[in-house]
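# Topology and contacts: notes
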Amino acid sequence: MSEPSSPPLLELERLSCHFPIRGLLGRRAGTLRAVDDVSLSLREGEALGIVGESGSGKSTLGKTLGGIHDPTDGVIRLAGEPIATQRSRRPLSVRARLQYVYQDSGASLDQRWTLRRSLHEPLVIHTDWSREHREAKVREIAGAVGLAEEHLDLYPHELSGGQQRRAGLARILVLGPQIVVFDEPTSGLDFSVQATVLALIRGIRRMFNLTYLMISHDLNVVGSMCDRLAVMYLGRIVEIGPTREVLGRPRHPYTRSLVDSLPRIGGPRVTDRLGMPGEPVFPADMHQGCGYRTRCPIGTLACTRIDPRLVIKEAHGVACLEWRP
Ligand SMILES: Nc1ncnc2c1ncn2[C@@H]1O[C@H](COP(=O)(O)OP(=O)(O)OP(=O)(O)O)[C@@H](O)[C@H]1O
Ligand SMILES: [Mg+2]
C-alpha cells in the first residue's frame, strides 16, 4: 500500500492582494491588483526565487505571506492547514513559522536597543522561556550568523552595514521559522558584502533546513540561490519552473526578454538588468486580455481578448497563448 504523500509545506491557492485606488476626495476610484490570482506550492527545504520588474507585486506577495497584508482573496496553507486570512487572527505560533525579512533587515532593529535586547524581544513575545533559556538561544543564533558575543552589547549604529544585515537575520532566526521570505536581501550592499550575505543565507538554509522564497531584481542572484523561479508580471505569475529550465529555456516572451537583457561577459554593458522597451499597463482593473500584450513582440489579436492561464507541463508553467508544448 502506498503512503499518502504529505502536503506541501506552503501552498498558495488563487491568492490575491488588491489595494484601493483613491481618487478625488478620497473616493475609491479603482482597484490596484498588486497580487492577482497567484497559486504555487513549496516543498520542505525548497528555495523559490521571485523575479520581475519594479511594481510587479513581488514584495506585496511576500508581505501577504508574512501576514503584513491581508489577502483580498484566496488561501494560504501551511503544512496543509489554512492560515486565517485576517492578520489579527493569525496565531502567534503561525507568525513565528512564516517570516518576512524586509529589504534592509538591519533597519528593522530598534535604534535605542542593544542587539541583545533586540534579539531577546521576539522570544519574550512568542515564548514563555526563562531569561537563561532565551540568552542561550540568542547566543546560538548570533554565532550561526557570524556575530561575535561582543556584538550583542552594541547598538545598531555601532554595527557595520554587513553586521546589521546579520543582526536582522538573527532577529528572524531566533524564532525558528520554517519558511522565510527574503525581500531583495542584497540590494544596496556593495559587491563583496553581497557575496557574504548570500553565503550566509546558504549556510543558514543548511543549518536550519529552511524553506525560503527569495525576491530579487537580479536574475543572477536568484539563479544561484534557488531551485525554482517564478516570474511575476503585473501581479501574476507568468512563468514558473526549475531554475535551469526557466533561465535556459524560457517559455514566456517576458522571461525571454529578461534573460536576454542579462549582462554577458564581453557583451554590451547593461545597467538596468531588467530594462526593456515600453511601459507595463497600469495594474488597475485591467482585466481584458494578457497583461503583457502592450509590450509583447509575438502577441496576436487573441491576446487582447483572452487572459492566459498558467499551463504547466513537466513542472514548468507558462501563461501565454502563443506557447505550444
Ligand atoms: N500598501 C500599499 N497600498 C497601496 N498600493 C500598494 C501598497 N503596496 C504596494 N502597492 C502597489 O502595488 C504594486 C506592487 O508593489 P510591490 O511593492 O509589491 O512591487 P515590487 O515588485 O516589490 O517592486 P520593487 O521591485 O520596486 O520592490 C505597486 O503598483 C505599488 O504601488
Ligand atoms: Mg519590492
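Refer to the structure presented above.
What comes next concerns the included structure. The model shown is predicted, which means the values in this text are computed figures rather than measured ones. (Residues numbered from 1 in each chain as written. Chains lettered and ligands numbered in written order. Predicted model: local features only at pLDDT ≥ 70, side-chain atom pairs only at ≥ 80, totals over all residues. Heavy atoms only, no water.)

### Notes on the packing of aromatic side chains
Rules: What counts as a ring pair is set by centres within 6.5 Å for rings of Phe, Tyr and Trp (its six-membered ring), and what kind of pair is set by the plane angle: stacked under 30 degrees, edge-to-face over 60, tilted for all other angles. Residue exposure (1.4 Å probe, protein chains only): buried if accessible area is under 20% of the type maximum, exposed if over 50%, otherwise partly exposed. By the criteria applied, helices consist of DSSP H or I runs no shorter than four residues and strands consist of E runs no shorter than two, each listed in order from the N terminus.
Under the defined criterion, the tally for this structure stands at five aromatic pairs. Ring centres of Tyr100 and Tyr102 lie 5.0 Å apart, and the angle between their planes is 85°; on these two criteria the pair is classed as edge-to-face. By relative accessible area, which is 7% here, Tyr100 ends up buried. Arranged with centres 4.6 Å apart and planes meeting at 65°, the rings of Tyr233 and Tyr254 form a pair that is edge-to-face. Taken as a pair, Tyr233 in strand 9 (residues 228-233) and Tyr254 in helix 9 (residues 253-260) lie far apart in primary sequence, 21 residues in all. Cluster of aromatic residues (ring-pair linked, three or more members): Tyr233, Tyr254 and Tyr292.

### Things to note about the pattern of salt bridges
This is how it is decided: The term salt bridge refers to a side-chain nitrogen of Lys or Arg lying within 4 Å of a carboxyl oxygen of Asp or Glu.
Taken as a whole and assessed by the stated rule, the structure comprises 20 salt bridges. Here Glu135 makes a salt bridge to Arg139, at a shortest N to O gap of 2.8 Å. Residue Glu135 and its partner Arg139 are located together in helix 4 (residues 131-144), separated by four residues, close to a single helical turn. Overall, Glu135 belongs to the buried group, its relative accessible area being 11%. For Arg139, a relative accessible area of 40% puts it in the partly exposed group.

### Details of the nonpolar core
Definition in use: We call a set of buried Ala, Val, Leu, Ile, Met, Phe, Trp, Tyr and Cys residues a nonpolar core when their side-chain atoms join them within 4.5 Å.
Core analysis: the biggest nonpolar cluster contains 52 residues, and Phe182 and Met214 have the highest contact counts within it. Counting 27 residues, the second-largest nonpolar core is a separate cluster that includes Leu15, Leu65, Leu98 and Ile179.

### Regarding the sheet that holds strand 2 (residues 28-42)
Note the threshold: By this definition, two strands are paired if DSSP reports at least two bridges between them. For this analysis, residues touch if any pair of their heavy atoms sits within 4.5 Å. The angle between two axes is taken between their N-to-C directions and runs from 0 to 180 degrees, where each axis is a line fitted to C-alpha atoms and a helix contributes only its stretch in contact.
Strands sit in the order 2-1-4-5 across an open sheet of four strands; the sheet is antiparallel. The sheet terminates laterally at strand 2 and strand 5 (81-82), the two strands that pair on one side only. Relative to strand 4 (residues 73-78), strand 1 (residues 10-22) runs antiparallel, the two being bridged by five bridges. Pairing of Glu11 across the sheet is with Arg77, part of strand 4. The strands touched by helix 1 (residues 58-65) within the sheet are strand 1, strand 2 and strand 4, with strand 1 carrying the most contacts at an inclination of about 115°.

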